[in-house]
Amino acid sequence: MPKNWALKVDQFFNANPNCIIATVHVDSFPSDLPLEPNIREPNRKSSTYRQIFDSLTTEPEKFFSRHSGIVLCANKVKPNSKKTQLELEILEASEGGSDGIINGGHTVLAFQQAREYKYDLTQARVKVTIHIGLSEDEAKDIALASNTSAPVDARSKVNARGDYKFIKQFLAQLERDEETKFRIAYYQNQSGAPKSPQCNVNHLIKLMNCLDRNKYNPDSKSRTKHPPVSNTPSLSEAERERLSKLLPLLPKGLWIEQRLFQVIEEHITKPRKKGVVDLASIDPRKNTLLPDSRYSFGFAAPADIAMPIVAAYRVFLDEQYNWIIPFDEFAEDFLQHLWNNYYKKYLVSEKLAGNTVGSKICRNLVIWDNIYLSAQSYLNQQLMKMVGSKNNKREELKLVN
């Protein structure tokens, strides 16, 4: 059912048949208007919020002239008989509406907080622009254009355009199949989503990129030998199509990352010297949450620490992204091989040298090359064992005959 909210106004006028601009009282402004059209949630720790709050509470009578205003979308708007109040009819998202605050979430939060702290806001006014009957796409377009007073991260804009929908749908099905829950942040200040960089939707895209053996193949003539691990600023239709083909590999990428974190945890909880962590950039004073809610760790590691390891697994994929060897038959042994023969030694040597690795892992092509070559060597050994095993079986069959 549609819900109704009332705005107390001094005056208003129709900018066009589907847009009303009003001077609205702050002290009675509804704080529970939906944020559906907005591309990010308000953050009371941000400089944007603090500036609005300070301006509102120090000189509330000047707030109207100092603030750019709030932008709303409503299904219908009806003034009362005395024209001192505007009644808004808001459709919920489940009803197909995109109504609520398009721009001004930080401002409404400041109103709410100032009232809770008992500030006198009776003289404060704010300009409110109300768009009537916008479609979802129209509301998103205005939201993207309006949120420019403070930086909005690229992820929030991509989410507002609906470009992450194919990932959300895949994860929803995966949650049902595996009876788990994924904690993924798709936009700025998303409530209920952890700030751990591993839980950023772009981290999932990085994992998938690491498994694209067609686009990132050191044996080809392509310049892009190894996957980039920088954030994806936008998703074109071609990129979404490519990533859609890689989505079935995402659970394996998540497993590799989870297993590497478990191996690191086993290593640092059984050190040679108790209380000493001999791995570069591993901080036991902090925590890390991974996208799958079943995995949390009592140490912090660089967000991209697993990427070279995940990327090594692409050696085992054919051009159709099928595993040359069944994943479960080699995955654990291969990870232990990379850890014991190379990666652990690298992290220990960097620690001894007094270095941090952090994002340098992404730019260190020597690491990516060495691990990739190690993966090729490991695959060749496994294939030779398989051929040898088949030959032995054939010999046994001949002897039986």
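Sequence positions are assigned chain by chain, starting from 1 and proceeding in written order. Only residues with pLDDT of at least 70 are given local features in this predicted model, and only at 80 or more are side-chain atom pairs given and counted; all residues enter the totals for whole chains, interfaces and linings. Side-chain measures here rest on the full set of heavy atoms in the structure, leaving out hydrogens and waters.

## Description of the overall build of the chain
What counts as a helix is a DSSP run of H or I of at least four residues, what counts as a strand is a run of E of at least two, and both are numbered from the N terminus. Tallying secondary structure elements over the chain gives 13 helices and nine strands in all. The classification of residues rests on relative accessible area computed with a 1.4 Å probe and restricted to protein chains. Under 20% of the type maximum is buried, over 50% is exposed, and intermediate values are partly exposed. For the chain, with 401 residues in total, the buried portion stands at 48%. By definition in these notes, contact holds between two residues if any of their heavy atoms fall within 4.5 Å. Put simply, of all contacts in the chain between residues at least 6 apart along the chain, 74% involve residues at least 24 apart. A 1.4 Å probe and the Shrake-Rupley method give the accessible areas. Residues count as covered only by the protein chains that appear here. Carbon and sulfur atoms form 49% of the exposed surface of the chain, whose accessible area is close to 21,100 Å².

## Things to note about the sheet that holds strand S2 (residues 19-25)
Pairing between two strands is assigned when DSSP locates at least 2 bridges connecting them. Taken in spatial order, the seven strands of this open sheet run S4-S5-S1-S2-S7-S3-S6, and their pairing is mixed. Taken across any chain shown, the strands that pair with only one partner, and hence form the sheet edges, are strand S4 (76-79) and strand S6 (100-103). Pairwise comparison of adjacent strand axes, ignoring direction, gives a mean angle of 40° for this sheet. Alignment of strand S3 (residues 70-74) against S6, held across three bridges, turns out to be antiparallel. Paired with Val71 across the two strands is Asn103, which belongs to S6. An axis is simply a line fitted to the C-alpha atoms; with a helix, the fit covers only the stretch in contact. Between two such axes, the angle follows the N-to-C directions and lies from 0 to 180 degrees.

## Digging into the packing of aromatic side chains
Geometry of an aromatic ring pair is reported as the spacing of the ring centres plus the angle between the planes. Two rings from Phe, Tyr or Trp (for Trp, the six-membered ring) form a pair when their centres sit within 6.5 Å of each other. Planes less than 30 degrees apart are called stacked, planes more than 60 degrees apart edge-to-face, and all others tilted. Taken as a whole, this structure holds 23 aromatic pairs when the rule is applied. Judged by centre distance (5.9 Å) and plane angle (55°), the rings of Phe297 and Phe299 are tilted. Just as Phe297 is buried, Phe299 falls in that class too. Here a set of aromatic residues connected by ring pairs shows up, and it is made of Trp255, Tyr313, Phe316, Trp323, Phe327, Phe330, Phe334 and Tyr378. In this arrangement the basic side chain of Lys168 is found over the ring face of Tyr186, its NZ or CZ atom lying 4.8 Å from the centre. Put simply, a charge is over a ring when the Lys NZ or the Arg CZ is close to the ring centre, within 6 Å, and near the line of the ring normal, within 35 degrees.

## Points about unusual backbone geometry
Even without glycine at this site, Glu179 takes up a positive phi of about 50°. Relative to the helices and strands, Glu179 resides in the loop between helix H6 (165-178) and helix H7 (201-210). Residue class for Glu179 comes out exposed when judged on its relative accessible area of 73%.

## Structural notes on the packing of H7 against helix H9 (residues 250-268)
At their nearest, the axes of H7 and H9 sit 9 Å apart, and the two run at 100° to each other. Regarding the angle of H7 to H9, the classification is roughly perpendicular. Facing H7, whose interface residues are His203, Leu204, Leu207 and Met208, H9 presents Leu250, Gly253, Leu254 and Glu257. For this classification, Asp, Glu, Lys and Arg are treated as charged, while Ala, Val, Leu, Ile, Met, Phe, Trp, Tyr, Cys and Pro are nonpolar and the rest, including Gly, are polar. Grouping the amino acids of the contact of H7 with H9 by side-chain chemistry returns five nonpolar, two polar and one charged. Just so you know how the angles are binned, under 35 degrees is roughly parallel, over 145 roughly antiparallel, 65 to 115 roughly perpendicular, and the rest oblique.

## Focus: the state of the cysteines
Cysteine sulfur atoms that come within 2.5 Å of each other are treated as a disulfide pair. One pass over the structure, following the stated rule, counts zero disulfides. For the unlinked cysteine Cys210, the closest cysteine sulfur is that of Cys362, found at 8.9 Å.

## Some words on the pattern of salt bridges
Note that side chains of opposite charge can pair when their charged atoms are close. Here, a salt bridge means any side-chain nitrogen of Lys or Arg that lies within 4 Å of a carboxyl oxygen of Asp or Glu. For the structure on display, the rule yields 14 salt bridges. Among the salt bridges present, the one from Arg240 reaches Asp163, with a minimum N-O distance of 3.3 Å. Here Asp163 lies in the loop between helix H5 (154-160) and H6 and Arg240 lies in helix H8 (residues 237-246), a separation of 77 residues in the sequence. A salt bridge links Asp304 to Lys206; the nearest nitrogen and oxygen atoms lie 3.2 Å apart.

## Points about the environment of Asp318
Its place among the elements puts Asp318 in the loop between helix H10 (307-312) and helix H11 (327-352). Throughout this description, a polar contact denotes any pair of N or O atoms lying within 3.5 Å of each other; where both atoms belong to protein, one of them has to be capable of donating a hydrogen while the other can accept it, and for residues adjacent in sequence the pair is counted only when both atoms sit in side chains. Polar contacts involving the side chain of Asp318 include one to the main-chain amide nitrogen of Asn322, which spans 2.8 Å.

## A word on the side chain of Arg242
Relative to the helices and strands, Arg242 is located in helix H8. Arg242 sits in the buried class, given a relative accessible area of 13%. Polar contacts involving the side chain of Arg242 include one to the side chain of Asn209, which spans 2.6 Å. Excluding anything up to four places from it in sequence, Arg242 contacts Asn209, Asp212, Lys215 and Tyr216.

## A closer look at the environment of Ala300
With respect to the element layout, Ala300 can be found in the loop between strand S9 (296-297) and H10. Given the relative accessible area of 16%, Ala300 is considered buried. Each C-alpha atom of the pair Ala300 and Asp283 lies 5.0 Å from the other, and the pair is 17 residues apart in sequence. Dropping the residues within four chain positions of it, Ala300 is found in contact with Ser281, Ile282, Asp283, Lys286, Asn287 and Thr288.

## Regarding helix H3 (residues 105-116)
Helix length check: H3 (twelve residues) gives 17 Å between terminal C-alpha atoms against 16 Å at 1.5 Å per residue, within 8%. Burial analysis of H3 places nine of its twelve residues in the buried class, the great majority of the element. Those residues of H3 lying buried are Gly105, His106, Thr107, Val108, Leu109, Ala110, Phe111, Gln113 and Ala114. Lining the buried residues of H3 we find helix H1 (47-58), helix H2 (63-66), S3, S6 and strand S7 (125-132). Positive phi shows up at Lys118, right after H3, with a value of about 70°. Between the first and last residue of a helix there are one fewer steps than residues, each counted as 1.5 Å, and that sum is the expected span.

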